[in-house]
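Breakdown of the fold
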Amino acid sequence: MNLRFTGNKALILGGSSAMGLALAELLLAEGLTVTLTHSSPKGLAAIAQRCPDLAQASPSLDLADLTSLDRLEPCLNCGVDYLVDLAQADHEGLLAAASEEGVRTYFESHVTNRLLLLKAVTRGMLYRGFGRLLHVSSAAAALPAPGQGFYAAAKRAAESCYLGLGLELGERGITSLSLRLGVVDAGRGGRFLDRQGLRKALAGKTLTVEQVASTLLFLLSDQSLAFTCTTLTMDAGLTARKYV
Amino acid sequence: MNMFLAIRSILGEILDLDPEKILEQTYLIRELNAESIDLLEIGVAIQHRLDIPVHDDLLFLKNLRTLLLRAELSKCPPIGVLAREYPHLSQERLAQILIDLPQGPVLRVSDLVAYVCWTRKDQGD
């Protein structure tokens, strides 16, 4: 099947992650223009190594710093047709033991500032009459482990923001989707598998970066635009079982 | 550029109306039945086509009733509070708004024109 793309400019938040880089390569192969954000020098180095042509134009984005949204302006001015949101800082800790500062900072970064960013992105999409918003969520949004309360709550809130935008702007050509991923064997998912010694127990129940990137590519294509205002789960059946 | 004509064109296109029937004194919500999503589109179109930053809250006088409530609670003259928030509107227009408010949404096409002219002037155009 040949995938079709109405737009041609993609912005990937958290683009220096393994998933972001793999997706960027697929989008480039489809002939799209891609901008990857990074949040650290290490992230920029990862982009430079795997997608050297994209490193120079890669804006630094830190959701905790509202002023860093300004650095996206050149990209937004050129128009963004596809937004892929992989940006999420980990924050493990008990909700019941959370500090006031910790609560404020985390939710301001991942809910308030994310919505402000989405507002800026969708205004451009609205003007052009087309836009696809793809939010990479987590199975933890529905089934968090103890200590994942911050992460899960922020993901749920972000899912609701994406759903709301899709509902509000759908008739103006803007669609939205959240994809809840299970355990991805890369980055923090890979570290989790190693730390918990779960590689053997979860054999066949984890996702590869390539699987996720290919799925994201499909979900951005015209063929999948009817997946809108909803949440899909991709977890290799992990959360369907009563007991692991 | 004639800002009224530019805005009238945008309104006609987004609200699917004959621009000739839109006057400076026309009420956007009360007469043209503009809804929230229409206002959002109008704000975006003004921002991109006229190349100015747009703050929807100011452009569409969204916080008007909140500001008036705040003025009442703090016992400040309402017109002074509105003048600080909406520097693009004349004292005469603000006074008119206060009289007109009980009849419904007060936003007029001329308010959008005033905002655009004021913002462009502020940018040094």
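Our subject in this report is the structure included herewith. (Residues numbered from 1 in each chain as written. Chains lettered and ligands numbered in written order. Predicted model: local features only at pLDDT ≥ 70, side-chain atom pairs only at ≥ 80, totals over all residues.)

Now for the interface of chain B and chain A. Taken together, the seven residues of chain B in the interface contact four residues of chain A. When its residues are assigned to classes, the side of chain B that touches chain A shows four nonpolar, two polar and one charged. (Contact = placed C-beta atoms within 7 Å. Nonpolar A, V, L, I, M, F, W, Y, C, P; charged D, E, K, R; others polar.)

The next point concerns the nonpolar core. All names here are of chain A. Within the largest apolar cluster, 86 residues are counted, with the highest numbers of intra-cluster contacts made by Ile12, Met19, Leu23, Val84, Leu134 and Leu216. For this core, the leading source of residues is helix H6 (residues 149-169), giving nine residues. Once residues within four sequence positions are removed from consideration, Leu134 is found in contact with Leu83, Val84, Asp85, Leu177, Leu179, Leu216, Leu219 and Leu220. (Core = buried A, V, L, I, M, F, W, Y, C linked by C-beta atoms within 7 Å. Buried ≥ 20, exposed ≤ 12 C-beta atoms within 10 Å, placed from the backbone. Helix = DSSP H or I, 4+ residues; strand = E, 2+ residues; numbered from the N terminus.)

Once that is clear, we can look at the sheet that holds strand E6 (residues 230-234) of chain A. Residues and elements named next belong to chain A. Within the open sheet, the six strands sit side by side as E2-E1-E3-E4-E5-E6. Their pairing is parallel. This sheet does not close on itself; its edge strands, each paired only once, are strand E2 (33-36) and E6. Pairs of neighbouring strands in the sheet enclose a mean axial angle of 20 degrees, with direction left out of account. As paired elements, strand E3 (residues 82-85) and strand E4 (residues 131-138) share four bridges and run parallel to each other. (Pairing = 2+ DSSP bridges. Axes fitted to C-alpha atoms, helices over the stretch in contact; angles between N-to-C directions.)

Okay, the packing of helix H1 (residues 3-15) of chain B against helix H2 (residues 36-49) of chain B next. Residue and element names in this part refer to chain B. Here H1 crosses H2 at 140 degrees, and the two axes come no closer than 10 Å. One finds that H1 runs oblique with respect to H2. Handedness of the H1/H2 crossing: right-handed. Seen from H1, the contacting residues are Ile7, Ile10, Leu11, Ile14 and Leu15; seen from H2, they are Asp38, Glu41, Ile42, Ala45, Ile46 and Arg49. Class assignment of the residues belonging to the contact of H1 with H2 gives a composition of eight nonpolar, no polar and three charged. (Parallel < 35°, antiparallel > 145°, perpendicular 65-115°, else oblique. Left-handed = near helix turned anticlockwise from the far one by under 90°.)

On to the pairing of strand E5 (residues 174-181) of chain A, then. Residues in a regular strand point their side chains to alternate faces of the sheet. Residue and element names in this part refer to chain A. The element E5 is largely enclosed, with a buried count of eight among its eight residues. Here E5 shows a buried face lined by Ile174, Ser176, Ser178 and Arg180 and a second buried face lined by Thr175, Leu177, Leu179 and Leu181. Summarising the sheet, E4 and E5 pair through eight bridges and their orientation is parallel. Paired with Ser137 across the bridge in E5 is Arg180. Regarding topology, H6 serves as the crossover connection from E4 to the parallel E5, and that connection is right-handed. Of the strand pairs in this sheet, E5 and E6 are connected by five bridges, and their pairing is parallel. Looking across to E6, one finds that Leu181 is bridged to Met234. (Right-handed = clockwise from strand over helix to strand, strands pointing away.)

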